[in-house]
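# Structural description and commentary
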Amino acid sequence: MDRPVKAIILGYGIRGRAYAAYAKTHPEDFEIAGLADPVAEFPADADFPTWKRWEDAIDSGSGADAVIVALPDRLHHAACIKALEKGYHVLLEKPIGCTWQECVDIAEAQRRTKRLVLTGYVLRYAPFYKKLREVIASGVVGELTSVHHLAAISYGKASHAYCRGNWSVEAKGTGMLVNKCTHDFDLIEWWTKGRKCTKISSFGSLMHWRPENKPKGAADRCMNCPESVRENCAFDAYKIYYDRRDLRYHFADESDEAILKMIETSPYGRCVYACGNDSVDHQTVLMEYEGGLTIILEMESYSQQRNRVTHFYGTRGEIIADERRIEILPFLGDSTTITPAQTGHHGGGDREIMTEFVKLVRTASPDRFPAILDAALESHRIAFLAEESRYTGKTVVDGKLN
Ligand SMILES: NC(=O)c1ccc[n+]([C@@H]2O[C@H](COP(=O)([O-])OP(=O)(O)OC[C@H]3O[C@@H](n4cnc5c(N)ncnc54)[C@H](O)[C@@H]3O)[C@@H](O)[C@H]2O)c1
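Residue positions are counted from 1 within each chain, in the order its sequence is given. At least 70 in pLDDT is required for a residue's local features to be given in this predicted model, at least 80 for side-chain atom pairs to be given and counted, and no such filter applies to totals for whole chains, interfaces and linings, which use all residues. The basis for every side-chain value is the complete set of heavy atoms in the structure, and neither hydrogens nor water enter the calculation.

## Remarks on the side chain of Ser159
How we decide: A run of H or I in DSSP becomes a helix once it reaches four residues, and a run of E becomes a strand once it reaches two; helices and strands are each numbered from the N terminus. Three exposure classes are used, based on accessible area relative to the maximum for each residue type with a 1.4 Å probe and protein chains only: buried under 20%, partly exposed in between, and exposed over 50%. Two residues qualify as a contact provided that any one of their heavy atoms is within 4.5 Å of a heavy atom in the partner residue.
Secondary-structure assignment places Ser159 in helix H6 (residues 155-164). On the basis of relative accessibility, which here comes to 0%, the residue Ser159 falls in the buried class. Contact partners of Ser159, with chain neighbours within four places excluded, come to Arg164, Gly165, Trp209, Ile240 and Val272.

Right under this line is the structure:
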């Protein structure tokens, strides 16, 4: 195929807009064939069809090659299967499904239709993580014995997504671990390629953003909260969205006026102690792999920084990676630090995954497609098993509760 790959984008929120941007920067490779969203404002210069309902977009017979599913989690299963059955390749945002059964259904649909399903694991394509994998695979620190991986979300982002926002109530989609850390389990799957995870235990809870921790005198919305209470509250919506500017990208209109209105009227202006949320705010997963490798994953809301910090211990040295630098500390020889160049969102992963998607649609043999989806499913299998362990308080051994 020597023309641009044409895709319909379902859901024109943050992720839908991120993928759509690739059409502007790489017009020779990618073209938007249409957008579907019930509420979003579409670009004024759109020269393609738009729909309110994702079903209508898939049924439109638009001549597209692919569909990008950037919808809320609970719609991934239906939209992905319908798109596959209509003959489209799919770039599917994570999580693949809200339950393990939904993931299995999608794998079956992929086998039936022989189309590509690429999961939105943008970190795999980011130059930083590609370099890190290269360093691990080089054997410079010998055989890995253990890995400590911290996914620090930051109190601002965590309060936005997992307390006030889309992923605050587990029954409405997926809990925080499946939503956030399937990325991390995917990286772990990549780092440990070929080894099987044999035991999983997980602990975690919602400790702090609970009604009983609401400060005395606080109101249910920040706009009604007394100044004396607000000034001592780090989660005050005015501080998170108005004073700081780094989370404004979540909203289509980032102007001061729009942000103030959003705080007054939207769920993001609610007191964090009055959101009816039940997603955990921190969780730990302990894993044992074939051959004895042990891994600890820590997911934390109450951090200042929003990053991932990973410490690899090997029989010949250590690696410390923090999404900016990779420090290689061999027991013999000199230590080195690598600082991979990073440009763009998710360290360049948003751009690079689109490059990979276009390449796969244009050139890949369908024989490769099942393995691509299977690799992504492994992260979900581990995440759902970890949740099972957290709910039951038991260790999962060889995929079964012990
Ligand atoms: N890969 C990543 O790093 C990453 C990061 C963030 C989110 N995500 C995933 O991407 C997906 C979208 O997340 P987001 O942050 O863009 O959320 P969002 O809320 O910004 O966007 C979702 C969009 O879907 C639209 N929508 C809802 N119902 C619809 C329907 N019936 N038909 C068409 N559109 C509909 C909403 O109006 C909204 O604009 C989620 O599944 C999320 O887990 C992935």
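## Comments concerning the sheet that holds strand S1 (residues 5-10)
Note the following rule: For two strands to count as paired, DSSP must find a minimum of two bridges between them. For helices, the fitted line uses only the C-alpha atoms of the stretch in contact; every axis is such a line through C-alpha atoms, and the angle between N-to-C directions lies from 0 to 180 degrees.
Strand order across the open sheet formed by 6 strands is S3-S2-S1-S4-S5-S6, with parallel pairing between neighbours. The open sheet has two free edges, formed respectively by strand S3 (50-51) and strand S6 (117-119), since each of these has just one partner strand. Two elements, S1 and strand S4 (residues 66-69), share 4 bridges in a ladder whose sense is parallel. Opposite Ala7, over in S4, you have Ala66 as the bridge partner. Contacting S1, S4, strand S5 (89-92) and S6, helix H3 (residues 76-85) runs over the sheet at an angle of about 160° to S5. Sheet strands touched by helix H12 (residues 369-392): S5 and S6. Its angle to S6, the strand with the most contacts, is close to 30°.

## Topic: the packing of aromatic side chains
Just so we agree on the cut-off: Think of it this way: a Phe, Tyr or Trp ring, Trp meaning its six-membered ring, pairs with another when their centres are within 6.5 Å, and the plane angle makes it stacked under 30 degrees, edge-to-face over 60, tilted otherwise.
Per the stated rule, a full pass over the model turns up 13 aromatic pairs. Judged by centre distance (6.0 Å) and plane angle (70°), the rings of Tyr155 and Phe235 are edge-to-face. A residue pair is termed long-range when its members are at least 10 positions apart, and Tyr155 in helix H6 and Phe235 in the loop between helix H8 (227-230) and helix H9 (237-243) qualify at 80 residues. For Phe235, a relative accessible area of 10% translates into the label buried. Chaining the aromatic ring pairs together yields one cluster made of Phe128, Tyr129, Trp191 and Phe312.

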